[in-house]
Amino acid sequence: MRIVYVVEDFSENGGVERIVSDKANTLATELQHEVTLITVYRDSRPQRYKLHESVSFIQLDVPFAQRANNALVRLLSRLKTMFIAVYRLNRAVRKLNPDIIFFTTTLGAILLPFCLTKARKIYESHLARIFNPFNRLFFLTELSAERIICLTKDDACEFKYARKVNVIPNYINSATQHVVDYGVKKAIAVGRLEHQKGFDLLINCWQTVAMQYPEWQLHIYGEGSMREQLQQQINTLKLQDKVRLCGRNDNIMEVYPQYSLHLMTSRYEGLPMTLIEAQSCGLPSVVFNFKYGASDVVTSGHNGLLVKQNDCRLFSDAMEKMLSSEALRKEYGTNALNVGQRYLKENVFGKWMQIIDL
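Note that the structure is a prediction, hence the values are computed from the model and not measured.

Caption draft 1: Fine view of the nonpolar core. By size, the foremost hydrophobic cluster in this structure holds 75 residues, and its most contacted members are Tyr5, Trp206, Ile220, Leu263, Val286, Phe315 and Met319. For this core, the element with the most residues is helix 6 (residues 199–210), which contributes 8 residues. Apart from the residues lying within four places of it in its own chain, the contact partners of Met319 are Leu202, Cys205, Trp206, Val209, Leu263 and Val286. Among the nonpolar cores identified, the runner-up in size contains 31 residues, and Val6, Val93, Phe103 and Tyr123 belong to it.

Next comes the structure, spelled out in structure tokens:
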């Protein structure tokens, strides 16, 4: 079968690019499908995720729209970008003549209705629709797609006019290491250093508990546009010896087991892979009950603690509860191992095969 994935910008280093590259590699190498990944935008940055040599890779080389201050200029630039993207995508699809096309990311949703093909067209929603600034345009996507695939049931409810909607969560590979010592006085947070991830909130919360638990350390892994701002916040709060920005780590699954608590203060999500990964390594989690995915993974009082969204006082209280009890961290962490099993590749990938084999 000829399968195509359309990605907005494969040079990005987010969860979408990671999961799509893994699916493409698996379909090509283990199941012998003809797989092509199409990336739309022109980007000179190196690609973070490797594709197997059997996966074809096509760059449409579409320039980014201008970020002008003038609204009319921005609109005209976006329309020009869309026209170029539609033209080049259709040209590539005609040559490939695929059986099925998976469209991902915001641009993929917008391009789907304008892709003129007899192939089955499926949209993967990796960001909850209500948080997508262009979600009103998704009405055309719903009408044109064979089906929509969402990460959570809550997001699936947002696609009221779709022909069919399926829920398939992100998956992870089995952890090779697990937490052994729940007495380690280190907490970990992982994600892009962007507003969405709420690390500014987490640092403020940590200031509250730092005086009572001075021996504890918070390490934040990731890179992004807010790095300097977050470091300045750490300095201003005099937390330099308590909170560390550790940068990106390409072997994060080997890092989680060095900690005894996972923290997540995102403002919104799709279904965060970092939360699933932490759980699969045996880390209990304290998380805001963000939309969407927090309550799908964490059951408060079982494998972690769920806290009302953006309530920093309650989040600090929840952290104190976990920091004060090694026994509680071990209990919740042991339960987390079982929760993580639900998201293993071998337990999820079959759902994708059911869709492909229809």
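Caption draft 2: Here's a closer look at the sheet that holds strand 4 (residues 100–104). Spatial strand order, 3-2-1-4-5-6-7: 7 strands in an open sheet with parallel pairing. In this open sheet, the two strands that pair with only one neighbour each are strand 3 (56–62) and strand 7 (165–167). Going across the sheet, the axis of each strand differs from the next one's by a mean of 20°, ignoring polarity. Two strands pair when backbone bridges link them, and strand 1 (residues 2–7) and strand 4 are joined in this way by 4 bridges, in the parallel orientation. Bridge assignment links Tyr5 to a residue of strand 4, and that residue is Phe102. Set on the sheet, helix 1 (residues 15–29) makes contact with strand 1, strand 2 (34–41), strand 4 and strand 5 (120–125); between it and strand 1 the angle comes to about 170°. Contacting strand 1, strand 4, strand 5, strand 6 (147–150) and strand 7, helix 13 (residues 345–356) crosses the sheet at an angle of about 155° to strand 5.

Caption draft 3: Fine view of the packing of helix 1 against helix 13. Interaxial distance between helix 1 and helix 13 falls to 12 Å at its minimum, and their mutual angle equals 70°. Here helix 13 runs roughly perpendicular to helix 1, going by the angle between their axes. Contacts between helix 1 and helix 13 involve Asp22, Lys23, Thr26 and Leu27 from the former and Lys345, Phe349, Trp352, Met353 and Ile356 from the latter.

Caption draft 4: Molecular detail of unusual backbone geometry. Here the residue pair Lys291 and Tyr292 is connected by a cis peptide bond, since its omega of -10° sits within 30 degrees of zero. Position of Tyr292 relative to the elements: it lies in the loop between strand 12 (285–288) and helix 10 (294–297). One non-glycine residue, Gln32, lies in positive phi territory at about 60°. Turning to its location among the elements, Gln32 is positioned in the loop between helix 1 and strand 2.

Caption draft 5: Focus on the pairing of strand 8 (residues 186–190). Of all 5 residues in strand 8, 4 are buried, a share of seventy percent or more. Inspection of the sheet shows strand 8 paired to strand 9 (residues 217–221) by 5 bridges, in the parallel sense. Pairing of Val190 across the sheet is with Tyr221, part of strand 9. Crossover connection from strand 8 via helix 6 to parallel strand 9: handedness right-handed.

Caption draft 6: View of the pattern of salt bridges. One pass over the structure, following the stated rule, counts 15 salt bridges. Two residues, Glu146 and Arg147, come together in a salt bridge whose shortest N-O distance is 3.0 Å. Like Glu146, the residue Arg147 is buried in the burial classification. Several salt bridges share partner residues, and in doing so they unite Asp9, Glu12, Asp43 and Arg45 into one network.

Caption draft 7: View of the sheet that holds strand 8. Taking strand neighbours across the sheet as the criterion, the 6 strands line up as 10-9-8-11-12-13 in an open arrangement whose pairing is parallel. Among the strands making up the open sheet, the edge pair consists of strand 10 (243–247) and strand 13 (304–307). When the angles between neighbouring strand axes are averaged without regard to direction, this sheet yields 20°. One ladder, built from 3 bridges, connects strand 11 (residues 261–264) with strand 12; its direction is parallel. For His262, the partnering residue across the bridge sits in strand 12 and is Ser285. Here helix 9 (residues 273–280) sits on the sheet in contact with strand 8, strand 11 and strand 12, set at roughly 170° to strand 11.

Caption draft 8: Here's a closer look at helix 6. Taking 1.5 Å per residue as the helical rise, helix 6 with its 12 residues ought to reach 16 Å, and the 16 Å between its terminal C-alpha atoms agrees with that figure. Across the 12 residues that make up helix 6, a large majority, 9, are buried. The set of residues buried in helix 6 consists of Phe199, Asp200, Leu201, Leu202, Ile203, Cys205, Trp206, Val209 and Ala210.

Caption draft 9: Up close: the side chain of Ser125. For Ser125, the position within the fold is in strand 5. Of note is the side chain of Ser125, whose polar atom sits 2.7 Å from the side chain of Asp155. Discounting residues that sit within four places of it in the chain, Ser125 has contacts with Ile149, Cys150, Leu151, Asp155 and Phe159.

Caption draft 10: How the structure looks around the environment of Gly14. Residue position: Gly14 is located in the loop between strand 1 and helix 1. Overall, Gly14 belongs to the buried group, its relative accessible area being 13%. Linking Gly14 and Tyr49, residues 35 residues apart in sequence, is a C-alpha distance of 9.7 Å.

Caption draft 11: Examining helix 12 (residues 326–341) more closely. Between its terminal C-alpha atoms helix 12 stretches 23 Å, which fits the 22 Å expected from 16 residues at 1.5 Å a residue. Listed in full, the buried residues belonging to helix 12 are Leu328, Arg329, Tyr332, Gly333, Asn335, Ala336, Val339 and Gly340. Turning to helix 12, the residues buried within the fold contact strand 11, helix 9, helix 10, strand 13 and helix 11 (312–323).

Thresholds, definitions, all that
- Residues numbered from 1 in each chain as written.
- Predicted model: local features only at pLDDT ≥ 70, side-chain atom pairs only at ≥ 80, totals over all residues.
- Heavy atoms only, no water.
- Core = buried A, V, L, I, M, F, W, Y, C linked by side-chain atoms within 4.5 Å.
- Buried < 20%, exposed > 50% of the residue type's maximum accessible area, 1.4 Å probe, protein only.
- Helix = DSSP H or I, 4+ residues; strand = E, 2+ residues; numbered from the N terminus.
- Contact = heavy atoms within 4.5 Å.
- Pairing = 2+ DSSP bridges.
- Axes fitted to C-alpha atoms, helices over the stretch in contact; angles between N-to-C directions.
- Parallel < 35°, antiparallel > 145°, perpendicular 65-115°, else oblique.
- Right-handed = clockwise from strand over helix to strand, strands pointing away.
- Salt bridge = Lys/Arg side-chain N within 4 Å of Asp/Glu carboxyl O.
- Expected span 1.5 Å × (residues − 1).
- Polar contact = N/O pair within 3.5 Å; in protein donor to acceptor, adjacent residues only side chain to side chain.

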